[in-house]
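For reference, the chains in residue letters:
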Amino acid sequence: MSASAPSPQLSGAAQQPRATARHWFALTVLMLPVLLVAVDNTVLSFAIPEISTSLSPSAPELLWIVDIYPLVLAGLLVSMGSFADRIGRKRLLLIGGAGFTVVSALAAFAPNAAWLIAARALLGFFGAMLMPSTLSLIRNIFLDPRQRRTAIAIWAAGFSGGAALGPIVGGFLLEHFWWGSVFLLAVPVLIPLLVFGPIFIPESRDPKPGRVDPVSIALSFTAMVPLVFGIKSYATEGFGIASIAPATIGLLSAWLFVRRQLRRKDPMLEVQLFKNPVFTGAVLANLLSVFSLVGFLFFISQHLQLVEGLTPPQAGLALLPGLAVTVLAGLAVVPLARRVRPVWLVTAGLLLNALGYGLVALIDPPPITVVLLAFAILGAGIGAAETISNDLILSSAPANKAGAASAISETAYELGSVLGTAILGSILAAVYRQNLQLPAGLATEAQHKAEGTLGGALEIAGKMGDGSAEALRNSAMAAFDHGASVIAVVGGVLMLAAAVLAVFTLRRAKIG
């Protein structure tokens, strides 16, 4: 793809073949891995306590159980998107689906922590085959721009809605089954993909693929993995060698990767596409929308359970209205796109994200009704912004490079997810520690646990028999709510800045 990449405007929309019922059924099949990967991003956090009890992992092992999946997934998304263009998107999707199904079953019955870490790494490997293939197949199945926009709206709703669905699914499974059930969920979800995918999903690939470039593959991996690891290290340990060194390696590898792509005649990733401000703005809007969703979910899941006292299933059900709004907003923006320019739809979505954060920032502590209303407003903004931004990303790339464009979009999703938790989570933790007042005479180990998380403070308070227990409980909740107000201000300001950025980068964007 050259610097003169095609404009996001697609002319002659009426002349494009319209999708049939067979194509829409293919979309239904493609939604299965999308929902699974989205749910998988948030469902594991509910199983960590049971995994800790059953497998007795060390602290580093527990960290790797959580982190190895997104690290491998993020590191391989670009490479797998390129492979999809070369060997066939459907083929790679089915390989990924088969591998994910088998490894999920192995993870569910892991006898020890090392087994589970290895299984999670393999899940990241096969998961990286699933996501770029789904979006690039949609680009090639739905040629009519309006139908494609509807299909992308459904895809985006499945991804963002699936992230919110994770706590609901996790709460239900762990209330009735053992921790391995969160992994076995993949088996019934992906079997229909393996059965109906070969029948209904058409194959597509780049007719003139370039040569496989092992150096570019290695650089893309060493760019993403150390960078994500550095961000996660900063979230838990702050600035230090454990966060600065890997982040530096990641940024250096990213620079070398981009430099190599610009010099090759057949680059693995068409980085020159970022010279198009519409493409760049759409990718950033995509990333920041996911950032706002995951960051808010990080706060609200703790608030509903630890502050409001809801059980995991109750907390999940409380999120359902916001989930429904996310899906409906993504679908409602499709007919609006025929009359309203995409720049204003994306900007409006980002402003709704800012408004959702603003409600939490203005009311300290926020009652449950305000929190749920804020989540619904946020859901509306995410549904609108993700649908249009993904459409702009795909429509700005030729059909034969859909896998590469999809990989960029998916990488933005993963980075947004990591940054949302790492940045907002670390700010919340820092403000919580600064404002927490511990009772006198508390043991050092208990102090560290109480200062670590709100859940830890409440656990310590539950073991105290004197009147200081209530004081610790109230102080911890107040400190957490104050931290939530601070991250709401940060999140709101960032979404306002993103809206301004969208106005400047997307002002010339058009979609058919």
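Please read these numbers as outputs of a predicted model, since none were measured by experiment.

**Looking at the pattern of salt bridges**
Proximity of charged atoms lets side chains of opposite charge pair with each other. A complete count under the given rule lists three salt bridges for this structure. A salt bridge links Arg 264 to Asp 213, with the nearest nitrogen and oxygen atoms 3.4 Å apart. Remark: Asp 213 occurs in the loop between helix H7 (186-200) and helix H8 (214-237) and Arg 264 occurs in the loop between helix H9 (241-263) and helix H10 (277-307); sequence separation between them is 51 residues. You'll find Arg 264 and Asp 213 in the same group, each marked buried. The salt bridge partner of Glu 470 is Arg 473, with a shortest N-O separation of 2.8 Å. In this pair, Glu 470 and Arg 473 both sit in helix H18 (residues 468-505), three residues apart, roughly one turn of the helix. Ionic contacts of the salt-bridge type, sharing partners, join the residues Asp 213, Arg 260 and Arg 264 into one network.

**Describing the packing of helix H17 (residues 454-463) against H18**
Contact pair H17 / H18: the axes reach a minimum separation of 8 Å and the direction vectors enclose 170°. The pairing of H17 with H18 is recorded here as roughly antiparallel in orientation. Along the contact surface, H17 presents Leu 454, Ala 457, Leu 458, Ile 460, Ala 461 and Gly 462, while H18 presents Ala 469, Leu 472, Arg 473, Ala 476, Met 477 and Phe 480.

**Details of a nonpolar patch on the surface**
Together, Phe 25, Ile 191, Val 195, Phe 196 and Ile 199 line one region of the surface with nonpolar side chains, adding up to about 410 Å² of accessible area. The element contributing the most residues to the nonpolar patch is H7, with four residues. With respect to the helices and strands, the residue Ile 199 is situated in helix H7. We classify Ile 199 as partly exposed; its relative accessible area is 46%.

**Some points on the packing of aromatic side chains**
If you walk through the whole model with that rule in mind, you get 10 aromatic pairs. Both rings, one in Phe 125 and one in Phe 126, keep their centres 5.1 Å apart while their planes meet at 80°; by these two values the pair is edge-to-face. Each residue in the set Phe 25, Phe 196 and Phe 200 is aromatic and connected to the rest through ring pairs, giving one cluster.

**With respect to the layout of surface pockets**
Estimated volume of the second largest pocket: approximately 500 Å³. Contributions of two or more residues to the lining of the second largest pocket are made by H8, H9, H10 and helix H15 (402-435). It is H9 that contributes the most residues to the lining of the second largest pocket, five residues altogether. A class-by-class count of the residues in the lining of the second largest pocket yields 17 nonpolar, four polar and no charged.

About the criteria used
Residues numbered from 1 in each chain as written. Predicted model: local features only at pLDDT ≥ 70, side-chain atom pairs only at ≥ 80, totals over all residues. Heavy atoms only, no water. Salt bridge = Lys/Arg side-chain N within 4 Å of Asp/Glu carboxyl O. Helix = DSSP H or I, 4+ residues; strand = E, 2+ residues; numbered from the N terminus. Buried < 20%, exposed > 50% of the residue type's maximum accessible area, 1.4 Å probe, protein only. Axes fitted to C-alpha atoms, helices over the stretch in contact; angles between N-to-C directions. Parallel < 35°, antiparallel > 145°, perpendicular 65-115°, else oblique. Contact = heavy atoms within 4.5 Å. Patch = residues over 30% accessible without salt bridge, like charges linked within 9 Å, V, L, I, M, F, W, Y side chains within 5 Å. Areas by Shrake-Rupley, 256 points an atom, 1.4 Å probe, with all protein chains shown as cover. Phe/Tyr/Trp six-rings, centres within 6.5 Å; stacked < 30°, edge-to-face > 60°. 1 Å grid on protein atoms, 1.4 Å probe; cavity = no way out; pocket = protein on both sides within 12 Å on 5 of 7 lines; lining within 4 Å. Points joined across faces, edges and corners; volume = space filled by probe spheres on them. Nonpolar A, V, L, I, M, F, W, Y, C, P; charged D, E, K, R; others polar.

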